[in-house]
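Letter by letter, the chains look like this.
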Amino acid sequence: MEYGNGVSELEAESFKDQLKGFLKASAEMGVELVKGCRDIVKQSLGNENSYVVRKFGGHWNRLSRRLSFLNEFLPEDRDPTHAWSVVLFVSVLAFTALNNTEYATPTPLLKEVYIHPPNASRILLPDGRYLAYQEQGVLAERARYSMMAPHSFLSSRLSGIPGVKAPLLEEFGIRLVTYDLPGFGESDPHPNRNLESSALDMLYLANALGVNGKFWVVGHSGGSMHAWAALRYIPDRLAGAAMFAPVVNPYDPSMTKQERYGTWEKWTFRRKLMYFLARRFPRFLSYLYRKSFLSGKHGQIDKWLSLSLGKRDKALIAEPIFVEFWQRDVEESIRQGDAKPFVEEAVMQVSDWGFSLGELKMQKKHRGSGILHWLKSKYSQEEEELMGFLGPIHIWQGMDDRVVPPSMTDFVHRILPGATIHKLPYEGHFTYFYFCDKCHRQIFNTLFETPQGPLVTIEEVDQTPIEGGVEDAEEVTLGDSATK
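Residues numbered from 1 in each chain as written. Predicted model: local features only at pLDDT ≥ 70, side-chain atom pairs only at ≥ 80, totals over all residues. Heavy atoms only, no water.

As recorded in an unreviewed UniProt entry, the protein chain goes by the name AB hydrolase-1 domain-containing protein, listed as coming from Vitis rotundifolia.

The following block contains the structure:
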């Protein structure tokens, strides 16, 4: 046993010595190679008969004589043309560094991402998944209007309409429901999700929460992709749509060359690259996401999403109220630490949606082609079946939006001329929708006109006969609270 161990130790030492010798020999060979190269340069360029010396030697000697007065500041036998050229070069570098430091902003310490304890309300979907949601505004039974808001990329159920005040929702009698898309926040992932399944999730959630009538769908930026899907797949349940800088597929074949150019020219090279990867090589996105918002550190929204922002957007995202909201929303969005739902979201935007925006126009349902279908439609007593969405579609578009450029909304308006477009001069991608009380009131006034408050429910109190007579019937009016 001891003998065996001794042999092993000798073999290990022998291998270590061999490795050390090999590295030492390699280093010596490298040094000799550098020396050889130096000698070649000296012989080629330092030789009096070389082209360089013959061409510039006279100028170099004259410069050396003019700088000879500086020799007293230099070490003995040091050529000033050599030494002072180094001093000059170092001085230029130092000046450049100082100049850049003066204007450069100090790199802030990166804040760690904190995953909060789960606290969402959830419903069980028919396929066994759980969907997390959040409610704001009035209670279900008091709701005059119900609104469902799917969130945008790198967001969660906590976003909704950022900064909207509870008294304003109360004043209009609005119940606002936001939810986590599959794989985001506290919602379970969907094994094969698409835009149709997204619309069905919204429908199941509305039914589970007792939204018996029609509801409005709200979509901002990437969240509007799911709002478009709701208009296509569950139009009978929607009262209308409120869109803010709505996205479309930037590869949509219905786009004109001018519309496509107006969209792509506003984006940074990195953002264009992300769209290209999502369309052609989506597997690379997972790596990029883990280097940014899935890294465990907080960062800036424009850096992480490669956004080019206007002045007002840049000012807004620097505000403490936005930073606090953004960081909390991101923490909830990436709770599960999986890149897959984000890749799915990016791929869905640039892939075939399963429908075109033109299908949302109210039109007669196509019954087929041929003489038989024509004769049947001519002499049939059945009413023509319609398809599409007849309700109102309101779109707010900032004219200084460089994330979803106005050309996208111009495309939508060309395809859906019935949509009402609200063009907002000087507004960006975030400024009209985020933390703007005046804007939120204008939005609700546009959608619902004069605020009427929540619905009032009157309950009849059960009257029990009392000895000696019957009490008069009483009506109790419930106080305003919240709604559907």
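We are not done yet, so read on.
A word on the pairing of strand β3 (residues 145–150). Within β3, six of the six residues are buried, which leaves the element mostly enclosed by the surrounding structure. A two-sided burial pattern is seen for β3, the buried positions comprising Y145, M147 and A149 on one face and S146, M148 and P150 on the other. For β3 and strand β4 (residues 174–179), the ladder comprises six bridges, and the chain directions are parallel. What sits directly across from P150, in β4, is Y179. Where the polypeptide runs from β3 across helix α4 (residues 166–172) and back to β4, its parallel neighbour, the crossover connection is right-handed. Two elements, β3 and strand β5 (residues 215–220), share two bridges in a ladder whose sense is parallel. What sits directly across from M148, in β5, is V217. (Buried < 20%, exposed > 50% of the residue type's maximum accessible area, 1.4 Å probe, protein only. Helix = DSSP H or I, 4+ residues; strand = E, 2+ residues; numbered from the N terminus. Pairing = 2+ DSSP bridges. Right-handed = clockwise from strand over helix to strand, strands pointing away.)

Since one α-helical turn is 3.6 residues long, residues separated by three or four positions face the same way. Most of helix α6 (residues 224–233) is tucked away, with eight of its 10 residues classed as buried. All of the buried residues in α6 are S224, M225, H226, A227, W228, A229, A230 and L231.

Right, let's talk about the packing of helix α5 (residues 195–208) against α6 for a bit. Between two packed helices, both the angle of their axes relative to each other and the distance between the axes serve to describe the pair. Viewed as axis vectors pointing N to C, α5 and α6 meet at an angle of 80 degrees, and their least axial separation amounts to 8 Å. Taken together, α5 and α6 sit at an angle that is classed as roughly perpendicular. Taking contact as the criterion, the partners of L195, E196, S198, A199 and M202 in α5 are, on α6, M225, H226, A229, A230 and Y233. Per-class residue counts for the contact of α5 with α6 are seven nonpolar, two polar and one charged. (Axes fitted to C-alpha atoms, helices over the stretch in contact; angles between N-to-C directions. Parallel < 35°, antiparallel > 145°, perpendicular 65-115°, else oblique. Contact = heavy atoms within 4.5 Å. Nonpolar A, V, L, I, M, F, W, Y, C, P; charged D, E, K, R; others polar.)

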